[in-house]
Structures are given as structure tokens and as C-alpha cells.
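# Commentary on secondary and tertiary structure
Each chain, letter by letter, is given below.
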Amino acid sequence: MIHTNPILMTEIRNNWTREEIKTIFDLPILELIYKAATVHREFNDPQEVQVCTLLSVKTGGCPEDCAYCPQAARYHTDVKVHKLLEVEEVLQKAADAKSAGSTRFCMGAAWREVRDNRDFDKVLDMVKGVNTMGMEVCCTLGMLSEEQAKKLKDAGLYAYNHNLDTSEEHYNEIITTRNYDDRLNTLDNVRKADISVCSGGIIGLGENLDDRVGMLHTLATLPSHPESVPVNALVPVEGTPLEEQEKVSVWEMVRMIATARIIMPKAMVRLSAGRVRMSTEEQALCFMAGANSIFAGDKLLTTPNPEVDMDKQLFQTLNLKPRAAFKDQEVSI
Ligand code: SAM
Ligand code: DTB
Ligand code: SF4
């Protein structure tokens, strides 16, 4: 590990006020990047980047109305609806992801919530299979009860992704078929089952800067910080209500990432959707600002992601190295 300060000076806090976070968020950009890069080096190896692979195991036909989402049944998009994949097919994709260098495999389903049925039993088998392969298994399946979270944990689930997406104030402009408390409640159920929490959001939904600060405030004042915080740039998809949204600038991504890094120093901050539209230099700024995780593979769930070879080149150019699986669980002597 290089450039890591052995004397930790920054304390981990979950009593941030919204004003404190706003002050950080509003810093002059280069000052903000410098601060974030400094905190990053206190807690993490800045060369290390976690490589995750996504697979949509059940695509489209979702009853929810998330305005950004190509998988909502009510919008007319080009997404082809597909029932739950077979366990064997999923395990093959996980093996491919592992040989391509991924250490975390995340399975997504276009469900509002998990139901206790045969499909859930199949997902439990997928989780068992991927866990046996020595990868960190993650799922994102919508809302969960505490019992369902426990079943996933028993099957070997390592992490659960459930995004807050935006601020509580802006939530209703984007999604009306559930509310913020539903989201928080699922995060609580995931925590109770002792599963690693992955929760973040999207920028570029038409929210204002206070909404971005508000979402970061909610995440950073949870009883314990999420272990991963994905920062997505909206991928505008034709047919969704947000199809015409303007592209967010790299500075907006950098500001989100840097603020998340400063207020949640130990979290993996994931530079998630939106990388296809970013240059190597723009992505380098995001890593400088404290991002230390990406999704690799040429597809996210339904939209394109950079080619594997491009990412190999990116890692070489920036001297990055993939983070090993299960590092959080390593006992330090
Ligand atoms: N249905 C489950 C749920 O909503 O939690 C899991 C799958 S859902 C597709 C997972 C996440 O993908 C969403 O919470 C959202 O943050 C992200 N997402 C979906 N569509 C997106 C888009 N067009 N651009 C960026 N992120 C998107
Ligand atoms: C997250 O925060 N981003 C990923 C993952 N968690 C599930 C999903 C991004 C989806 C982008 C749109 C798509 O490909 O459908
Ligand atoms: Fe459904 Fe999830 Fe898409 Fe919302 S984000 S429409 S819940 S798949």
C-alpha cells in the first residue's frame, strides 16, 4: 500500500449537519478535490479500485414508475422484457466476470419488491453458487423484509444495493409508487441481517444542489455509513420521462464523489453509470476525488458501459490495481 498516512486524523462521523455538508460541497473545486484526496489516503490505498460486474437477471416489466428507468413497464423503451434467468446461465456469467478480473458480482431484478415464491428460491440458489465461486455476491431486487434479508444472508449474500437515488424532498418528483421511508426501511432490514449496505443515487434527474447535499446527508447520518456508495450519472433513455435531460458535467460528478469521500471516508465510492460518456482524463479526476470502485463489463443492466479493453487501458494508464475480494473481512494484525 502506498501513500497511506499511518496516523489517522479524520474521525468517522454520522452526526453531520446538512450545513456542514453543504460547506464541504460548495468548496472551490480544486480545494474540494485536494481535501477528498487527502482523506482518501488516510483510509484507503489510492491505487486500489474495486471491479464489479452487473447482470440483469430479470429485465423490464417493472410496476414502479421511477422516471429515469428504462425497465418500468409503463414507459415505452427498447428494453426487451425477460423473465428470471436460469441459475446455470447466471453462474456462467459470474465465472466469465471472475476470469475478466471482477471480484464482486451484482445481480439486478426489475422488481418492486421480493416475493416469497419460486423466483426468490432461484435467486437464493444463484447467490449460493456465486458465493461458492469466491466472489462477493451482491443483489439489487427492490424492497425486502427482514426475513427475506436473513434468507439472502444465509445463502451467502455479501452486499445489497438499494439506492436512495435523490433527496427526500425531490423523491416524489421522480417516483410516486413508493416513498423514501420504504427505501430506508429496506436498508434497515439489510443492516439487521448483517449484510453489507450499498446505497447511493443518481445526479442529473432535475434535482437542485440542495437535493444532492440532502441525499448525501441522509446517507452519512445513517446509524452506520453504507459500505458502498454508488454515484450514478443519469443515463437518459428514450421513452422515459427523463429522456431529454442534459448530460451532467464531470465537475458535478467530481463534487458528489469528493463530498461523499470526505463525509464517509471508509466507504467504497463507486463511479457507476455514466462512464461511457467520460474520457480517461475525466475518470481520472473522479479517482483523484476519491472514487475507488467501478462497474466493468460492456453492459450495466440494460445500457452500455465501457469495453473491457478500454478499462484495462484505463487501469494501466492511471496505475490502478483491482482490489481483492472480501478485503473488508481481512483481520489486520
Ligand atoms: N428494482 C430495484 C430497485 O429499484 O432497487 C433494483 C434495480 S434498479 C434498476 C437499480 C438502480 O439502478 C436504481 O436505484 C437506480 O439508481 C439505477 N438506475 C436505473 N436506471 C438508471 C438510469 N437510467 N441512469 C442511472 N442509473 C439508473
Ligand atoms: C447502481 O447504483 N447503479 C447500477 C447498480 N447500482 C444496480 C445500475 C445502473 C443502471 C443504469 C441503467 C441501466 O443500465 O439499465
Ligand atoms: Fe423498477 Fe428498480 Fe427500475 Fe424503479 S429502478 S422501475 S423499481 S427496476
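Cut-offs applied
Residues numbered from 1 in each chain as written. Chains lettered and ligands numbered in written order. Predicted model: local features only at pLDDT ≥ 70, side-chain atom pairs only at ≥ 80, totals over all residues. Heavy atoms only, no water. Core = buried A, V, L, I, M, F, W, Y, C linked by side-chain atoms within 4.5 Å. Buried < 20%, exposed > 50% of the residue type's maximum accessible area, 1.4 Å probe, protein only. Helix = DSSP H or I, 4+ residues; strand = E, 2+ residues; numbered from the N terminus. Contact = heavy atoms within 4.5 Å. Near = heavy atom within 4 Å. Polar contact = N/O pair within 3.5 Å; in protein donor to acceptor, adjacent residues only side chain to side chain. Areas by Shrake-Rupley, 256 points an atom, 1.4 Å probe, with all protein chains shown as cover. 1 Å grid on protein atoms, 1.4 Å probe; cavity = no way out; pocket = protein on both sides within 12 Å on 5 of 7 lines; lining within 4 Å. Sits in = over half its atoms within 2 Å of the grid points. Axes fitted to C-alpha atoms, helices over the stretch in contact; angles between N-to-C directions. Parallel < 35°, antiparallel > 145°, perpendicular 65-115°, else oblique. Left-handed = near helix turned anticlockwise from the far one by under 90°. Nonpolar A, V, L, I, M, F, W, Y, C, P; charged D, E, K, R; others polar. Patch = residues over 30% accessible without salt bridge, like charges linked within 9 Å, V, L, I, M, F, W, Y side chains within 5 Å. Salt bridge = Lys/Arg side-chain N within 4 Å of Asp/Glu carboxyl O. Lys, Arg positive; Asp, Glu negative; His and termini not counted. Charge placed at Lys NZ, Arg CZ, Asp CG, Glu CD. Phe/Tyr/Trp six-rings, centres within 6.5 Å; stacked < 30°, edge-to-face > 60°.

## A short note on the nonpolar core
If you look at the biggest cluster of nonpolar residues, it comprises 94 residues, and the most contacted ones within it are Tyr68, Met107 and Leu152. Ranked by residue count, the leading element in this core is helix 9 (residues 250-263), at 9 residues. Excluding residues that lie within four positions of it along the chain, Leu152 makes contacts with Phe120, Val123, Leu124, Val127, Leu141, Leu144, Leu157, Tyr160 and Ile195. In this structure, Cys52, Leu54, Ala273 and Leu300 belong to the second largest nonpolar core, which totals 9 residues.

## What to know about the site of ligand 1
By nearness alone, 16 residues border ligand 1, and Tyr68, Asn163, Asp165, Arg183 and Val235 come closest of all. Asp165 is positioned such that a nitrogen or oxygen atom in its side chain is 2.6 Å from an oxygen atom of ligand 1. Between an oxygen atom of ligand 1 and a side-chain N or O atom of Arg183, the distance comes to 2.8 Å. In the complex, 90% of the free accessible area of ligand 1, which totals 560 Å², lies under the protein chains. In this structure the site holding ligand 1 corresponds to the largest cavity.

## Focus on the packing of helix 5 (residues 146-155) against helix 7 (residues 180-192)
The contact between helix 5 and helix 7 brings their axes to 8 Å, and the two run at 45°. On the basis of their axis angle, the class for helix 5 and helix 7 is oblique. The interaxial crossing formed by helix 5 with helix 7 has right-handed handedness. Across the interface between the two elements, Glu146, Ala149 and Lys150 from helix 5 touch Asn189, Val190 and Lys192 from helix 7. When its residues are assigned to classes, the contact of helix 5 with helix 7 shows 2 nonpolar, 1 polar and 3 charged.

## Examining a negative patch on the surface
Together, Asp78, Glu238, Glu243 and Glu244 make up a region of like negative charge exposed at the surface. Structurally, Glu243 is set in the loop between strand 7 (228-233) and helix 9.

## Examining unusual backbone geometry
Of note in this structure, Asn319 is not a glycine but carries a positive phi near 55°. Of the residues examined, Asn319 reaches a relative accessible area of 52% and is grouped as exposed. The backbone phi angle of Phe326 is positive, close to 55°, even though this residue is not glycine. Within the secondary structure layout, Phe326 lies in the segment after strand 10 (321-322). Exposure remark for Phe326: the relative accessible area of 23% places this residue in the partly exposed category.

## Comments concerning the packing of aromatic side chains
Counted by the stated rule, this structure contains 2 aromatic pairs. Each ring, one from Tyr158 and one from Phe326, has its centre 5.4 Å from the other, and the planes form 85°; the classification is edge-to-face. Of the two residues, Tyr158 is situated in the loop between helix 5 and strand 4 (159-161) and Phe326 in the segment after strand 10; the sequence distance between them amounts to 168 residues. Judged by centre distance (5.2 Å) and plane angle (70°), the rings of Tyr171 and Tyr180 are edge-to-face. Under the relative-accessibility criterion, Tyr171 is labelled buried at 2%.

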